[in-house]
Protein chains: 2
Amino acid sequence: MTTVSEVTLSPREIRNLIRSGKFERPTAGVAPGHVQANLAILPKELSFDFLLFCQRNPKPCPLIEVLEPGQIEVFTTAPKSDIRTDIPLYRVYENGEFTSEISDLQEVWKEDFVSFLLGCSFSFESALITNGIKLPHFENGTNVSMYITNIPTVPAGPFSGPMVVSMRSIPQEKVVRAVQVTSRFPGVHGSPIHIGDPLAIGIHDISKPDFGEPTTIKEGEVPVFWACGVTPQSVAMSSKPPIMITHAPGHMFITDMKDEDYSVL
Amino acid sequence: MTTVSEVTLSPREIRNLIRSGKFERPTAGVAPGHVQANLAILPKELSFDFLLFCQRNPKPCPLIEVLEPGQIEVFTTAPKSDIRTDIPLYRVYENGEFTSEISDLQEVWKEDFVSFLLGCSFSFESALITNGIKLPHFENGTNVSMYITNIPTVPAGPFSGPMVVSMRSIPQEKVVRAVQVTSRFPGVHGSPIHIGDPLAIGIHDISKPDFGEPTTIKEGEVPVFWACGVTPQSVAMSSKPPIMITHAPGHMFITDMKDEDYSVL
């Protein structure tokens with residue numbers, strides 16, 4: 001559980017707690033109102049193609065900050081941070097296989113590692129909640145339902161594959177508002193990819209998500225789909241890079257930026 | 001002069017005219033409502049850093065499309081195009097020095113060339129005009145006033161330097177509307193960088209632009225400044241790359257995309 005004092009700590013204070021090993025849990029609800037980010041670390045030789053993949057697919061891959069090879073400080077959105085220590089839990093993949101989960105990258109760090117930080121749905125979910133749209137999974141701390149679609153991403157170099165989406169079940173009368181409020185945040189997935197019929201985007205059984213937990217769609221609710229940050233990870237993994245490091249699910253990087261810094265209007 | 005028939009031709013038809021050498025003029029006013037783009041071609045070894053520079057500085061460097069090394073078709077925003085032939089006039093720079101102006105890149109093309117297409121102000125200027133904000137330079141076909149500011153860009157690799165801005169003189173009562181309508185187009189420079197006092201951004205004499213032509217600021221008008229696509233070119237040039245190719249001023253690449261495709265709301 002997140003404690004009251006952790007809700008009032010600044011992002012830098014939380015990162016320092018994480019760095020010193022005193023915070024080893026998921027980050028949902030921590031430093032509310034601040035942008036949390038997905039992490040993908042790839043070796044330099046893949047960095048142009050992966051950056052290009054993100055540029056070509058901004059809805060599933062909204063870039064918050066990209067570091068130069070070997071750089072460890074997220075200097076624009078989280079000054080004084082250290083990407084090797086400031087996430088509670090990391091996952092290491094070798095040749096596309098999950099090999100270990102570690103809380104510190106200092107021993108595995110290489111000078112050719114390029115860190116990509118990508119926007120996560122926490123930001124636009126806050127905006128939905130502020131606008132009176134309830135998200136049971138967000139409030140319960142369970143994981144949103146995610147699905148592999150038949151929507152292709154635009155390939156770049158070795159990276160290609162289908163888009164992964166997250167689904168939220170929204171009361172019919174709130175769907176228009178849900179489009180409006182998430183459209184203000186193109187830097188963190190932005191507007192929905194699809195509203196309504198799951199089959200239209202290749203989802204055959206809405207009750208069986210490919211990732212996360214099932215969602216009950218109640219009478220009078222409509223499934224609304226947003227591009228999901230799992231997309232770049234799954235696309236990168238399927239190219240079987242010699243090494244790739246990500247955050248462990250739910251254990252995000254907390255930036256100093258506020259959600260509103262990413263609103264366009 | 002642009003003829004009536006050229007206004008009604010599709011972007012692809014215009015690109016084919018340009019390719020066959022039958023259109024060798026600036027592209028302002030051609031294929032109205034379609035997005036035109038700035039071009040920067042750099043060798044592969046600089047491509048990650050330049051892409052990163054654009055990611056870090058989205059207002060002066062709004063990416064429309066980036067091609068892979070050696071790729072000549074702008075396949076997403078202009079299918080069937082050829083970046084080597086479909087711009088009326090190109091400029092070649094070697095080690096940061098302007099060396100030639102040519103209408104076709106086929107003889108100088110190399111397999112490691114990476115083409116960057118960046119949004120240009122034509123799109124948001126159309127939006128201003130649609131909203132009743134007159135832009136004399138746009139209507140006269142003269143060049144907008146541009147200034148080197150004291151606003152630093154976020155560096156990436158060898159690329160760094162001050163932001164270049166363009167200035168439009170807007171009637172006081174239209175300034176709020178000008179902010180609103182350009183905010184809808186973050187993909188083509190977006191909202192202004194600054195409103196009012198030129199000195200606040202390091203411009204000491206507003207009557208003497210660093211590029212383009214002077215603008216008369218009339219009684220009751222306010223100078224409004226937008227990030228300018230000259231920024232990435234001037235930043236790239238000052239790093240003296242072995243080779244860099246750009247469009248000649250005003251001779252843009254015409255995509256199939258409509259301005260509205262780049263609006264966020």
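Residues numbered from 1 in each chain as written. Chains lettered and ligands numbered in written order. Predicted model: local features only at pLDDT ≥ 70, side-chain atom pairs only at ≥ 80, totals over all residues.

1. A few points about the relation of the copies chain B and chain A
Point 1. In the superposition of chain B on chain A (RMSD 0.0 Å, axial shift 0.0 Å), the rotation amounts to 180°. Here the two chains are linked by the operation of a two-fold rotation axis. Scanning chain B for the C-alpha nearest the rotation axis identifies Phe48(B), at a separation of 2.4 Å. (Least-squares fit on C-alpha atoms with pLDDT ≥ 70 in both.)

2. What about the packing of helix α4 (residues 122–130) of chain B against helix α6 (residues 175–183) of chain B?
Residue and element names in this part refer to chain B.
Point 1. It is the contact of α4 with α6, at a shortest axis distance of 9 Å, that shows an interaxial angle of 135°. When the interaxial angle is binned, α4 and α6 end up oblique. Remark: the crossing between α4 and α6 carries right-handed chirality. Between α4 and α6, the residues in contact are Phe124, Ala127 and Leu128 and Ala178, Val181 and Thr182, respectively. (Axes fitted to C-alpha atoms, helices over the stretch in contact; angles between N-to-C directions. Helix = DSSP H or I, 4+ residues; strand = E, 2+ residues; numbered from the N terminus. Parallel < 35°, antiparallel > 145°, perpendicular 65-115°, else oblique. Left-handed = near helix turned anticlockwise from the far one by under 90°. Contact = placed C-beta atoms within 7 Å.)

3. What about the nonpolar core?
Point 1. Residues Val165(A) and Val165(B) are the most contacted members of the largest nonpolar core, which totals 136 residues.
Point 2. Beyond its immediate chain neighbours, meaning those up to four positions away, Val165(A) contacts Met146(A), Tyr147(A), Thr149(A), Ile193(A), Phe225(A), Trp226(A), Ala227(A) and Cys228(A). (Core = buried A, V, L, I, M, F, W, Y, C linked by C-beta atoms within 7 Å. Buried ≥ 20, exposed ≤ 12 C-beta atoms within 10 Å, placed from the backbone.)

4. Observations regarding the environment of Lys208(B)
Point 1. Inspection of the secondary structure assignment puts Lys208(B) in the loop between β8 (194–195) and β9 (221–227).
Point 2. When the C-alpha positions of Lys208(B) and Ile129(B) are compared, they lie 25 Å apart, and in sequence the two are 79 residues distant.

5. A word on the pairing of strand β1 (residues 34–43) of chain A
Residues and elements named next belong to chain A.
Point 1. Within β1, nine of the 10 residues are buried, leaving the element largely enclosed by the surrounding structure.
Point 2. Here β1 pairs with strand β11 (residues 253–258) via three bridges, running antiparallel. Note that in β11 the partner of alanine 37 across the bridge is phenylalanine 253.
Point 3. Note that β1 and strand β5 (residues 113–119) share seven bridges and pair antiparallel. Within β5, the position partnered with isoleucine 41 by the bridge is serine 115.
Point 4. Bridge analysis of β1 against strand β10 (residues 243–247) gives two bridges, and the strand direction is antiparallel. Residue pairing across strands places isoleucine 41 opposite isoleucine 245, the latter belonging to β10. (Pairing = 2+ DSSP bridges.)

6. As for the sheet that holds strand β8 (residues 194–195) of chain A
Residue and element names in this part refer to chain A.
Point 1. If you trace the four strands from one edge of the open sheet to the other, you get β6-β7-β9-β8, paired in antiparallel fashion. The open sheet has two free edges, formed respectively by β6 (145–152) and β8, since each of these has just one partner strand.
Point 2. Where strand β7 (residues 162–171) meets strand β9 (residues 221–227), seven bridges bridge the pair, whose relative direction is antiparallel. Bridged to serine 166 within β9 is tryptophan 226.
Point 3. The sheet contacts of helix α6 (residues 175–183) involve β7, β8 and β9, and relative to β9 the element is tilted by about 15°.
Point 4. The strands touched by helix α7 (residues 230–238) within the sheet are β6, β7 and β9, with β7 carrying the most contacts at an inclination of about 155°.

7. A short note on the environment of Phe48(B)
Point 1. Mapped onto the secondary structure, Phe48(B) falls in helix α3 (residues 47–56).
Point 2. The class of Phe48(B) is buried, set by 24 C-beta atoms lying within 10 Å.
Point 3. Distance in space between the C-alpha atoms of Phe48(B) and Ala31(B) is 32 Å, their sequence separation being 17 residues.
Point 4. Each residue touching Phe48(B), except ones within four places of it in the same chain, is listed here: Ser47(A), Phe48(A) and Leu51(A).

8. Quick look at α3(B)
Point 1. α3(B) sits mainly inside the fold: nine of its 10 residues count as buried.
Point 2. Taken together, the buried positions of α3(B) are Ser47(B), Phe48(B), Asp49(B), Phe50(B), Leu51(B), Leu52(B), Phe53(B), Cys54(B) and Gln55(B).
Point 3. Of the surrounding elements, those touching the buried residues of α3(B) are α3 (47–56) and β2 (63–66) of chain A together with β1 (34–43), β2 (63–66), β5 (113–119) and α7 (230–238) of chain B.

9. Details of the confidence of the model for chain A
Point 1. In this model, chain A carries a mean pLDDT of 92, and residues with pLDDT of at least 70 account for 97%.
Point 2. As scored by the predictor, the complex reaches a pTM of 0.89 and an ipTM of 0.84. (pLDDT = per-residue confidence, 0-100.)

10. Regarding unusual backbone geometry
What is expected of a backbone is that most residues other than glycine have negative phi and most peptide bonds are trans.
Residues and elements named next belong to chain A.
Point 1. At alanine 31, a residue that is not glycine, the phi angle is positive and equals roughly 45°.
Point 2. Within the secondary structure layout, alanine 31 lies in the loop between α2 (11–19) and β1.
Point 3. One non-glycine residue, lysine 80, lies in the positive phi region at around 70°.
Point 4. Turning to its location among the elements, lysine 80 is positioned in the loop between β2 and β3 (90–94).

11. Side note on the domain arrangement of chain A
All names here are of chain A.
Point 1. As assigned here, chain A comprises domain 1 (4–120 + 233–262) and domain 2 (122–231).
Point 2. The distance between the C-alpha centroids of domain 1 and domain 2 comes to 22 Å.
Point 3. Residue-level contacts link 26 residues of domain 1 with 26 residues of domain 2.
Point 4. Where the side of domain 1 that touches domain 2 is concerned, the elements lending two or more residues are β1, α3, β5 and α7.
Point 5. Here the side of domain 1 that touches domain 2 is built from residues that sort into 13 nonpolar, nine polar and four charged. (Domains from an automatic or database assignment. Nonpolar A, V, L, I, M, F, W, Y, C, P; charged D, E, K, R; others polar.)

12. A word on the interface of chain B and chain A
Point 1. Facing the 16 residues of chain B at the interface are 16 residues of chain A.
Point 2. Those elements giving two or more residues to the side of chain B that touches chain A turn out to be α3 and β2 of chain B.

13. Quick word on the sheet that holds β8(B)
Residues and elements named next belong to chain B.
Point 1. One open sheet accounts for four strands, arranged β6-β7-β9-β8; its pairing is antiparallel. What marks the edges here is a single partner per strand, and that holds for β6 (145–152) and β8.
Point 2. Here two bridges tie β8 to β9, and the two strands are oriented antiparallel to one another. Paired with isoleucine 195 across the strands is valine 224, a residue of β9.
Point 3. Packed on one face of the sheet, α7 meets β6, β7 (162–171) and β9 and runs near 155° to β7.

14. What to know about α7(B)
Point 1. Looking only at α7(B), the buried set comprises Val230(B), Thr231(B), Pro232(B), Gln233(B), Val235(B) and Ala236(B).
Point 2. Of the residues one or two after α7(B), Lys240(B) is the one with positive phi, at around 50°.

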